[in-house]
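Residue-level structural notes
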Amino acid sequence: MDGTKVMGLRNVSSICSLSEMDDHDLSRLLDKPRLNIERQRSFDERSLSELPIILTRGSYDNYEGMHSPCGRSGIDTPASWDRNSFDPHPIVAEAWEALRRTLVYFRGQPVGTIAAYDHASEEVLNYDQVFVRDFVPSALAFLMNGEPEIVKNFLLKTLQLQGWEKKVDRFKLGEGAMPASFKVLHDPVRKLDTIIADFGESAIGRVAPVDSGFWWIILLRAYTKSTGDLSLAERPECQKGMRLILTLCLAEGFDTFPTLLCADGCSMIDRRMDVYGYPIEIQALFYMALRCALSMLKQDAEGKDCIERIEKRLHALSYHMRSYFWLDFQQLNDIYRYKTEEYSHTAVNKFNVIPDSIPDWIFDFMPTRGGYFIGNVSPARMDFRWFCLGNCIAILSSLATPEQSVAIMDLIEARWDELVGEMPLKIAYPAIEKHEWRIVTGCDPKNTRWSYHNGGSWPVLLWLLTAACIKTGRPQIARQAIDLAETRLLKDGWPEYYDGKLGRFIGKQARKYQTWSIAGYLVAKMMLEDPSHLGMIALEEDKQRKPMIKRSSSWNC
């Protein structure tokens, strides 16, 4: 794609203080005491403002005096490495060079990164486009490296695209829908740049992305927290953009649940994988976007009504998710003994789940100590599969209680081979196989067992795991996962995903130099070596909305 070019590192000035726009005290995030902790308390139990340096990497000592990345001291050296007392891994420089090759320019300004820079691929498809969800780890990498301009340009450009009329065939999409992706076209003769946006009308399966709007709001807050620049979020067009996104989600209907009803293929798992209904990924992102928007919306005439609706939805959504989506050993045992056909408000089996529908694998998979949010809950149906993104976002957004967050980490440690294996990180577990695969996926050849979204391993998920590990005081888990990834990522050409139960094989249709594989590694690396970066993506527990939820059974073991 001729819309990309290599750009050297530039000095970008930015405000180093963190935003004080919400009621969570992150103002002391950069003043961290030197603490030596073996079993860390979760950051929900403490506060993000304490944020100690908790590296457990071999011979490296804990160190103090960390700073926010507000500039660069070297021309070709990322800012985060200049400050630290150790040398970066040899593949870090290669990763930055690869990431910069993916930059896309519109009228001379960088506005995003293409999905993949695969020279060997014959079919480009839409991998030469800027995807909203794919750009998030790239944006975080640039923010952590003191380069906020590209993120600001991206936020404003996608906001303009939101205002376009959106039609699929003859049907008009909701006004607040954000594009799945966009492509910049360069006309060298007329010296004109144009943009083509995809709202789902060109996507495989023609499914509109539900998560794009949520990621946009989350990224807007990350930009604000990283730079301290409140002016962008306070712009009338950004305020309106947030309200339009949330209006789509907060609309009243016939649903009796506070969760968001979604089609299959509307998120990172963008093909038919039996996640229709109320997938955990969308519910966790929905919750996080609501909380981020709540901290940024103005208390004016238009914002006040939206804020009130957000408050009500958050209260119901947190209770519903923590109560009905949570699964640990004790809860599994309770479901196993459920009675069916219960009527009235006294019903224990509120969704009329038939115990015989519990899959056999879950009994061996569920450790005595540990738990997680299952994939889906709806009438007579519970999807017991593990989905990585939804559980990590639940921790980062504090949708998970501190006890539940610890239990999720316990599960990852207890089921390391299944969820991490030889290449982090399983997007879903277990894979759908045989006749069930044929029915559920429509015989999708890309989603065969232990491949792609059907149990494949995705390096991009490293940054989410790392952030969740830091927030829960378990950096050693992230360190192990990153060490595993570093043995192969560069050698294998930064693949999109890996196949097999242990993630040993490069995905059969995986693109090389997949941008978010590169950016996900960089974000994980920078976040682990400077945990203060966590403040731009994590939310503290909302004390006002703290529910009376019983402690996870794993917590008491």
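Let me sum up the structure you'll find in this document. (Residues numbered from 1 in each chain as written. Predicted model: local features only at pLDDT ≥ 70, side-chain atom pairs only at ≥ 80, totals over all residues. Heavy atoms only, no water.)

**Thoughts on the overall build of the protein**
- The helix and strand inventory of the protein stands at 18 helices and 15 strands.
- A buried classification covers 62% of the 557 residues belonging to the protein.
- In the protein, once contacts between residues fewer than 6 apart in sequence are set aside, the share between residues at least 24 apart is 72%.
- Approximately 22700 Å² of the protein is accessible, and the part contributed by carbon and sulfur atoms is 50%. (Helix = DSSP H or I, 4+ residues; strand = E, 2+ residues; numbered from the N terminus. Buried < 20%, exposed > 50% of the residue type's maximum accessible area, 1.4 Å probe, protein only. Contact = heavy atoms within 4.5 Å. Areas by Shrake-Rupley, 256 points an atom, 1.4 Å probe, with all protein chains shown as cover.)

**Description of the pattern of salt bridges**
- Within this structure, the stated rule accounts for 19 salt bridges.
- Put simply, K183 and D128 hold a salt bridge, and the shortest N to O gap is 2.8 Å. Taken together, the residues span a long stretch of sequence, with K183 in strand β6 (residues 181-187) and D128 in the loop between β2 (109-113) and β3 (130-131) at a distance of 55 residues.
- Residue D128 is classed as buried on the basis of its relative accessible area of 11%.
- What emerges from the salt-bridge pattern is a single network uniting R479, D483, E486, K525 and E529. (Salt bridge = Lys/Arg side-chain N within 4 Å of Asp/Glu carboxyl O.)

**Structural notes on the packing of helix α7 (residues 236-250) against helix α9 (residues 301-325)**
- In contact at an axis separation of 11 Å, α7 and α9 are set at 40° when each is read in the N-to-C sense. The angle between α7 and α9 falls in the class oblique. At the point where α7 passes α9, the crossing takes the left-handed sense. Together, R243, L246, C249 and L250 of α7 and E302, G303, C306, R309, I310 and R313 of α9 make up the contact between the two elements. (Axes fitted to C-alpha atoms, helices over the stretch in contact; angles between N-to-C directions. Parallel < 35°, antiparallel > 145°, perpendicular 65-115°, else oblique. Left-handed = near helix turned anticlockwise from the far one by under 90°.)

**Points about unusual backbone geometry**
- Going from P424 to L425, the amide bond is cis rather than trans, its omega being 15°.
- Even without a glycine there, the phi angle at K191 is positive, about 55°.
- As for its placement among the helices and strands, K191 is situated in the loop between β6 and β7 (192-198).
- The class for K191 is exposed, based on a relative accessible area of 77%.
- In this structure, W494 is a non-glycine residue whose phi angle is positive, near 50°.
- Residue position: W494 is located in the loop between α17 (475-486) and β14 (498-499).
- The buried category is assigned to W494, whose relative accessible area is 1%.

**Section: the pairing of β7**
- With seven bridges connecting them, β6 and β7 associate as antiparallel partners. Paired with S181 across the strands is D198, a residue of β7.
- Once β6 ends, the chain turns through four residues before running back antiparallel as β7, passing K191 with a positive phi of about 55°. (Pairing = 2+ DSSP bridges.)

**Here's the deal with the packing of aromatic side chains**
- All told, the structure shown has 22 aromatic pairs when counted by the stated rule.
- Between the aromatic rings of F135 and F154, the centroid separation amounts to 4.3 Å while the plane-to-plane angle is 35°, which identifies the pairing as tilted. Highlighted residues: F135 in helix α3 (residues 132-144) and F154 in helix α4 (residues 149-162), separated in sequence by 19 residues. The burial state of F135 is the same as that of F154; both residues are buried.
- With 5.2 Å between their ring centres and 80° between their planes, Y324 and F351 make a pair best called edge-to-face. Of the two residues, Y324 sits in helix α9 while F351 sits in the loop between α10 (329-336) and α11 (361-365), which places them 27 residues apart along the sequence. Here Y324 and F351 have matching classes, each one buried.
- Following the ring pairs from residue to residue traces out a cluster consisting of W361, F365, Y372, W386, Y429 and W450.
- Lying over the aromatic face of Y127, R511 brings its terminal NZ or CZ to 4.3 Å of the ring centre. (Phe/Tyr/Trp six-rings, centres within 6.5 Å; stacked < 30°, edge-to-face > 60°. Lys NZ or Arg CZ within 6 Å of the ring centre and 35° of its normal.)

**What about the side chain of N376?**
- Checked against the element boundaries, N376 lands in strand β10 (residues 376-378).
- In contact with N376, not counting residues within four places along its chain, are V275, Y276, G277, Y278, P279, F325, R381, M382 and D383.

**Brief notes about the sheet that holds β3**
- Reading across from one edge, β3-β6-β7 is the order of the three strands in this open sheet, with antiparallel pairing throughout. This sheet does not close on itself; its edge strands, each paired only once, are β3 and β7.

**Quick notes on the environment of Q109**
- Among the secondary structure elements, Q109 is positioned in strand β2.
- Separated by 41 residues in the primary sequence, Q109 and I150 have C-alpha atoms spaced 7.7 Å apart.
- Discounting residues that sit within four places of it in the chain, Q109 has contacts with V104 and N153.

**Considerations on the packing of helix α2 (residues 91-101) against helix α18 (residues 515-529)**
- Two elements in contact, α2 and α18, have axes whose closest approach is 9 Å; the angle formed by their N-to-C orientations is 135°. The angle between α2 and α18 falls in the class oblique. In the packing of α2 onto α18, the handedness of the crossing is left-handed. Seen from α2, the contacting residues are I91, V92, A95, W96, A98 and L99; seen from α18, they are T515, I518, A519, Y521, L522, K525 and M526.
- When the residues that make up the contact of α2 with α18 are grouped by side-chain class, the tally is 11 nonpolar, one polar and one charged. (Nonpolar A, V, L, I, M, F, W, Y, C, P; charged D, E, K, R; others polar.)

Geometry only, nothing functional implied.
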